[in-house]
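# Commentary on secondary and tertiary structure
Chain by chain, the residues:
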Amino acid sequence: MAGFRATDKALFPIKNIKTVVQLFRNQLEHSQEPDLSLLSIVAGVIENSLTSRSNLQICEPVEHNCLPNLDLETITLMYSKFQTIIKNAVEVNKQRKYATRELVKKVSDVIWNSLTRSYYKDRAHLQSLYSYLSGSKLDCFGVAFAVVAGCQVLGYNDVHLALSEDHAWVVFGENGSETAEVTWHGKGNEDKRGQEIGKGVSSRSWLYVNNKPVVCTRHMEVAALVSAINPSLNSNQDAYEVSELQQELLWLLYDLGHLKKYPMAIGNLGDLEEISSREGRVECRVLFEEAIKSSRSYYNNQHVYPYTYQGGYFYRNKMYKEAFESWANASDVIRLYNYSRDDEEIYKEFLEIANELIPHIMKIESSGFSANTILKKPECFAHLLRFYDGICQWEEGSATPVLHIGWAKPLVNTISKFDADVRAQVNILCDTVQDGAKKNAGICNNNNNNNYEKENGAQTETKDEKDTNFPTIEALTAACSEKLLNP
Ligand SMILES: FC(F)c1nnc(N2CCN(c3ncnc4sc(CC(F)(F)F)cc34)CC2)s1
C-alpha cells in the first residue's frame, strides 16, 4: 500500500524546496508505491499559493527561497478528505484482484459529479488534487489523474494512467489489457467516459497516437503530476520557486530512471534547463535528443512533440537549418496519421510553424547579408519540402481537410526565396509505393531515414507514384516559378 508514513510526516512543516524533493524521494524510493494523492496535494498547495494573486507572501530572507508554510495538519486534512470521498462513494469487493470497467467508471463518476457545474476548463492550476479538494475544479488531465489516484486509494494497483500528446485515459485489468475513457477531450465533444479506447476511425488520429500512448507505472504517474506543475503567474511570468521545484523534481525522476519512457517529461525538463541550466547536468540540447530517442525506441516514432520541442529550441537559438530538419521530422510523423477534428492541438502547432515561424526565418534570412544564409543551402530547401509534403500527406485520406488558402501564400513565399540553382540541387528519390494505409506521394521517404541526395539533376519522380489528389512537388515548384516569373 501507498501511504503517508512517519518518515514523511517527520519532514513537516516543510519550509524549502530541498525538503519537498526529500519527500518525493522518500515516496519514490520506498519499496511500496508512491502515494499519488499525497504528492499531488503537496505539489498543488505549493503551486497554488505561489501563483495566486492573493500570495502576498513575504519571503523569509533566511530561507532564500520561500515556500508557503506546509504544515502537517493542512496536508493531512486534505489527504484524509480525498480518502473519505473515495471510500464512502465506492464499495470495494475485496475478493477482486483487478479493477473492473464498472469500478473504473464509478470512480470517474464520483470525481466527475463532484466538480463545479461550470468553470473555465482551460485555466491554469486545475490539474492537482489540491485544486479538486479546495475548489472542486479539475482540467481534463486532472480528472484522469484523480481517477487513478482514487483507484490507488481503493487498492487497485492495476489501474494506470495512459497518456497521448493531448489526451489521457486509463488502462486496467490483467497486464493492463483493458482501456477506458475517464475524462473529456476538447470543447463541445460529448465525453466517452467508460468506453474503451477507439478501435475505429479515431484510432488513426494523432489524438490516440496510433495506439502508442505512454502507459505509466506508479512512478511515471508521479512524473506526470510533476510535469503538469504549472509555474505560470500570468501569461508572461513564472513563479521562480515553482519552476525551480519542478526542475529539481524532474531531475530526481530522471536520475531514478522514471523519465526513460516519457518523451514529453524529458522535453519539459529540456525547456526548464534552457531557461536556467543546472551545474553538472547534460545540456538541454541533449535532453531534446533523448526525448526523440525515447519516442523512437518505445513508441515507434509516432509522437510529434519530441521534434517540435527540439525545433523550438533550435528556432529560439537561431539554428534555422537544424530547426527545419526537426520540423521536417515532425512532419514525417504526422504524415502517417489521418487528420480528425480531435487533432486541433497539433494542427495549431503545424500551422504556427508553417505560417509564423518559417516565414519569420525567411524574412530574417532574406533581408540580412549573411553569406552563410540558409537560402543557399539545398538541404534547407529539402527539409522544407519534406515538411510541407508531410502535411499534404496528412491530409490525404482524411475526412477533414488540413490545408486551405491561408497555407498557400506563406508556402509559396517561402519556396520562392530559394533560387532555381539551389532548388535544382535537391534530388528527390521516391521509393516504391509503401503498402499500408498511406501511399507515398510527392516527396517520398521511408520512415524518417530520408534518401535525399543533394546532387545535380532534375527531380526524378515516376508517373505511377504521382498522386494527383493534392499538390505534388512539381505543382509546388511550378507555383513558385510562376511566382518568380510574375513577382
Ligand atoms: F513541442 C513543444 F513545443 C511543446 N511544448 N510543450 C508541450 N507540451 C507541454 C507538456 N505536455 C505534457 N507534458 C507531460 N505529460 C503530458 S500528458 C498530456 C496530455 C494530457 F494532458 F494528459 F491530456 C500532455 C503532457 C503537453 C505538451 S509540447
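Here's what I pulled together on the structure shown here.

Basis of the calculations
Residues numbered from 1 in each chain as written. Predicted model: local features only at pLDDT ≥ 70, side-chain atom pairs only at ≥ 80, totals over all residues. Heavy atoms only, no water. Helix = DSSP H or I, 4+ residues; strand = E, 2+ residues; numbered from the N terminus. Buried < 20%, exposed > 50% of the residue type's maximum accessible area, 1.4 Å probe, protein only. Polar contact = N/O pair within 3.5 Å; in protein donor to acceptor, adjacent residues only side chain to side chain. Pairing = 2+ DSSP bridges. Contact = heavy atoms within 4.5 Å. Axes fitted to C-alpha atoms, helices over the stretch in contact; angles between N-to-C directions. Near = heavy atom within 4 Å. Areas by Shrake-Rupley, 256 points an atom, 1.4 Å probe, with all protein chains shown as cover. Nonpolar A, V, L, I, M, F, W, Y, C, P; charged D, E, K, R; others polar. Salt bridge = Lys/Arg side-chain N within 4 Å of Asp/Glu carboxyl O.

## Quick look at the side chain of Thr51
Inspection of the secondary structure puts Thr51 in helix H3 (residues 36-51). A relative accessible area of 8% means that Thr51 is categorised as buried. Reaching out from Thr51, the side chain makes a polar contact with the side chain of His125 at a distance of 3.5 Å.

## A word on the sheet that holds strand S1 (residues 160-163)
Hydrogen bonds along the backbone pair up the strands of a sheet, which may run parallel or antiparallel. Spatial ordering of the open sheet is given by S3-S2-S1-S4, a layout of four strands whose pairing is antiparallel. The sheet is open, and its two edges are formed by strand S3 (178-180) and strand S4 (214-215), each paired on a single side. Sheet topology note: the S1/strand S2 (residues 168-172) ladder contains four bridges and is antiparallel. Among the inter-strand pairings, Leu163 is bridged to a residue of S2, identified as Ala168. In the packing of helix H7 (residues 140-153) onto the sheet, contacts are made with S1 and S2, and the angle to S1 comes to roughly 155 degrees.

## Here we look at the environment of Tyr299
If you trace the backbone, Tyr299 turns up in the loop between helix H11 (284-298) and helix H12 (305-316). The class for Tyr299 is buried, based on a relative accessible area of 6%. Those residues in contact with Tyr299 that sit more than four places away from it in its chain are Lys212, Pro213, Val214, Lys261, Pro263 and Ser294.

## Section: the site of the ligand
Lining the immediate environment of the ligand, one finds 15 residues, of which His167, Tyr262, Tyr305, Thr308 and Tyr309 sit closest. In this structure, Tyr262 approaches the ligand through a side-chain N or O atom, which is 2.7 Å from a nitrogen atom. For the ligand, a nitrogen atom lies 3.4 Å from a polar atom in the side chain of Tyr309. For the ligand, whose accessible area on its own is 580 Å², the fraction buried by protein is 75%. For the shell around the ligand, the secondary-structure elements that each account for two or more residues are helix H10 (263-275) and H12. Per-class residue counts for the shell around the ligand are seven nonpolar, five polar and three charged.

## A few points about the pattern of salt bridges
One pass over the structure, following the stated rule, counts 20 salt bridges. Residues Lys348 and Glu345 are paired through a salt bridge, measuring 2.9 Å at the closest nitrogen-oxygen approach. Of this pair, Lys348 and Glu345 are both found in helix H14 (residues 344-367), three residues apart, which corresponds to roughly one turn of the helix. The partly exposed category is assigned to Glu345, whose relative accessible area is 31%. A single network of salt bridges, built from pairs that share partners, joins Lys105, Asp109, Asp191 and Arg193.

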